[in-house]
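Read off the chains here:
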Amino acid sequence: MKQLSEQKRDFGSGSVAQAILRLAIPMTLAQLINVLYNVVDRIYIGHIPHTSTEALTGIGLALPIITIITAFANLYGMGGAPLFSIARGQEEPQKAERIMGNSFFLLLMTGMVLALICYVFRRPLLYLFGASDVTYSYAEAYISIYLLGTLFVMVSLGMNNFINAQGFGVTGMLTVSIGAVLNLILDPIFIFGLNMGVRGAATATILSQFVSAVWVFRFLTGKKAIIVLTKQSLRLEKGLVKDIVGLGMSGFVMSITNGSVQIMCNATLQRYGGDLYVGIMTVINSVREIITMPVTGLSNGAQPVMSFNYGARKYDRVKKAISFTSISSIIFTLIIWAILFFFPHFFIQIFNSDPALLEKGVPALHIYFFGIFMMALQFAGQSTFVALGYSRHAVFFSLFRKVVIVIPLTLWLPTVAGLGTTGVFLAEPVSNFIGGVACFATMIVTVWMRLGKKQEEKREIR
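Residues numbered from 1 in each chain as written. Predicted model: local features only at pLDDT ≥ 70, side-chain atom pairs only at ≥ 80, totals over all residues. Heavy atoms only, no water.

K.L.:
For this particular structure, what's the right way to read the environment of Leu-388?
P.N.:
Within the element layout of this structure, Leu-388 appears in the loop between helix H16 (375–387) and helix H17 (391–412). Residues Leu-388 and Pro-82 lie 306 residues apart in sequence; the distance between their C-alpha atoms is 7.7 Å. Residues in contact with Leu-388, not counting those within four places in the same chain, are Met-306, Tyr-310, Val-318, Val-447 and Leu-451. (Helix = DSSP H or I, 4+ residues; strand = E, 2+ residues; numbered from the N terminus. Contact = heavy atoms within 4.5 Å.)

K.L.:
Whenever I open this one, the pattern of salt bridges confuses me. Can you help?
P.N.:
A side chain with one charge may pair with a side chain of the opposite charge, provided their charged atoms come close. Throughout the structure, instances matching the rule amount to five salt bridges. Close ionic contact of Glu-237 with Arg-98 constitutes a salt bridge, the shortest N to O distance being 2.7 Å. Here the residue Glu-237 occupies a position in the loop between helix H9 (198–220) and helix H10 (238–272), and Arg-98 occupies one in helix H4 (residues 93–120), the gap between them amounting to 139 residues. Classification of Arg-98 by relative accessible area gives partly exposed; the value is 31%. In this structure, the salt-bridge partner of Glu-428 is Arg-288, at a minimum N-O distance of 2.7 Å. Here the residue Glu-428 occupies a position in helix H18 (residues 421–461), and Arg-288 occupies one in helix H11 (residues 275–291), the gap between them amounting to 140 residues. (Salt bridge = Lys/Arg side-chain N within 4 Å of Asp/Glu carboxyl O. Buried < 20%, exposed > 50% of the residue type's maximum accessible area, 1.4 Å probe, protein only.)

K.L.:
What is the right way to read H16 from this model?
P.N.:
Since the α-helix packs 3.6 residues into each turn, any two residues three or four apart lie on the same face. Taking 1.5 Å per residue, 13 residues should reach 18 Å; H16 reaches 18 Å between its end C-alpha atoms and fits that length. Burial analysis of H16 places 13 of its 13 residues in the buried class, which makes it a mostly covered element. Count one or two residues on from H16 and you reach Gly-389, which has phi positive near 85 degrees. (Expected span 1.5 Å × (residues − 1).)

K.L.:
What is the right way to look at the packing of H4 against H10 in this model?
P.N.:
If you want to describe how two helices pack, look at the angle between their axes and the distance between the axes. Running from amino to carboxyl end, H4 crosses H10 at an angle of 70 degrees, the nearest separation of the two axes being 10 Å. The orientation of H4 relative to H10 falls into the category roughly perpendicular. Residues Lys-95, Arg-98, Ile-99, Asn-102, Ser-103 and Leu-106 of H4 lie in contact with H10, whose contacting residues are Leu-240, Val-241 and Ile-244. Grouping the amino acids of the contact of H4 with H10 by side-chain chemistry returns five nonpolar, two polar and two charged. (Axes fitted to C-alpha atoms, helices over the stretch in contact; angles between N-to-C directions. Parallel < 35°, antiparallel > 145°, perpendicular 65-115°, else oblique. Nonpolar A, V, L, I, M, F, W, Y, C, P; charged D, E, K, R; others polar.)

K.L.:
What exactly am I supposed to notice about the packing of H10 against H11 here?
P.N.:
Relative to each other, H10 and H11 sit at 150 degrees, their axes nearing to 7 Å. Put simply, H10 runs roughly antiparallel to H11. When you trace H10 past H11, the crossing you get is right-handed. Across the interface between the two elements, Gln-262, Cys-265, Asn-266, Leu-269 and Gln-270 from H10 touch Asp-275, Tyr-277, Val-278, Met-281 and Asn-285 from H11. Tallied by class, residues from the contact of H10 with H11 come to five nonpolar, four polar and one charged. (Left-handed = near helix turned anticlockwise from the far one by under 90°.)

K.L.:
Quick question: what am I supposed to make of unusual backbone geometry here?
P.N.:
Note: most peptide bonds trans; most residues except glycine with negative phi. Backbone geometry places Asn-195, a non-glycine residue, at a positive phi of 55 degrees. By the secondary structure assignment, Asn-195 is in the loop between helix H8 (169–193) and H9. Taking the relative accessible area as the measure of exposure, Asn-195 reaches 68% and is therefore exposed.

What follows is the structure in structure tokens.
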């Protein structure tokens, strides 16, 4: 029975597009549900009577810390999963098991250290991120409780990659579904019913993440998993740790730089526009999380398929996976751009109905998401680099778009021709155009063409 299960999850045969979609659809739904963990908090908090805008801004200030935690989950989860898939494609199950075990151990150790450091330094960190005396109390109340669940977040996010990498896309979706539904139920009870406000939102979130973490652990140690997490596999191996960190560095850098951009944006907006504009950026970041989910799900769903076929030396299937992912991502983001342009009020009002925030938020949203389809090129290029083990390329382009382009522009553009807050929002579309083209073009030259040569060499050997 288990052998039949493995055959059904063999990415080396059948339609490449169908193989990707079998993973991408449930993974996209999982992304949607995962976003609900934090987005639902912001929706409820953004509608608290009398203090909604201040409380929403406070949660927005805590986002960089949450992003940092997510970055480390990506470092070991997204770093280990492609290596795990390549080992499966090369028919080395014991190596795959050791990769998964090492990733799990790294997640646990890093999670404990992160929680302690962030809690001890939470006050200076939050003020650095753009807090004011008005919004600090809300941010501190939320993050102090959230940090108690750091280990749960690390395990549920990081190890769920290994469920998806084995072809159990629906199970991976259930990982976050269970916790997110619980969060959806608990949020109004804690926030409004028990009158806990932002503390209630954080409490509901960590309880929900705990349930998700338990689900992941039980599956990976149970009978249904093709490759099981064992105690023996938790022994760290220097070579594997180096490979996991090297490949995961792309996702890590992307998350860390996202957090750095959030910090720079909030601090610059606080300087030029005050708490209102920090609140607008919180809403925009929330909208971004929602609309980029399908592209993220598609690129994440394609990675195991690319990795498996690359390990199995089926290079033509790898190229088909790259083409399908790229074209689909571009089409989707073009549609999303049109929807955002014509219906901006709808997206903003999901989180807050303050007339002042709506007035300033609509033009800011139009600027920020201009030409968002170019972002799809970055996603397609990055996912290909990660899937095939091109860790240096993946890391470089993560740094290039955010550190080299976005952060300097965020600091410089507000000083140009009196742009002020407009300059902060303008930095994102500029980076999408430059970074997206550079990343995708490099992927074509360094990966696509090499795959073609390898395919020709394979035919000649035959």
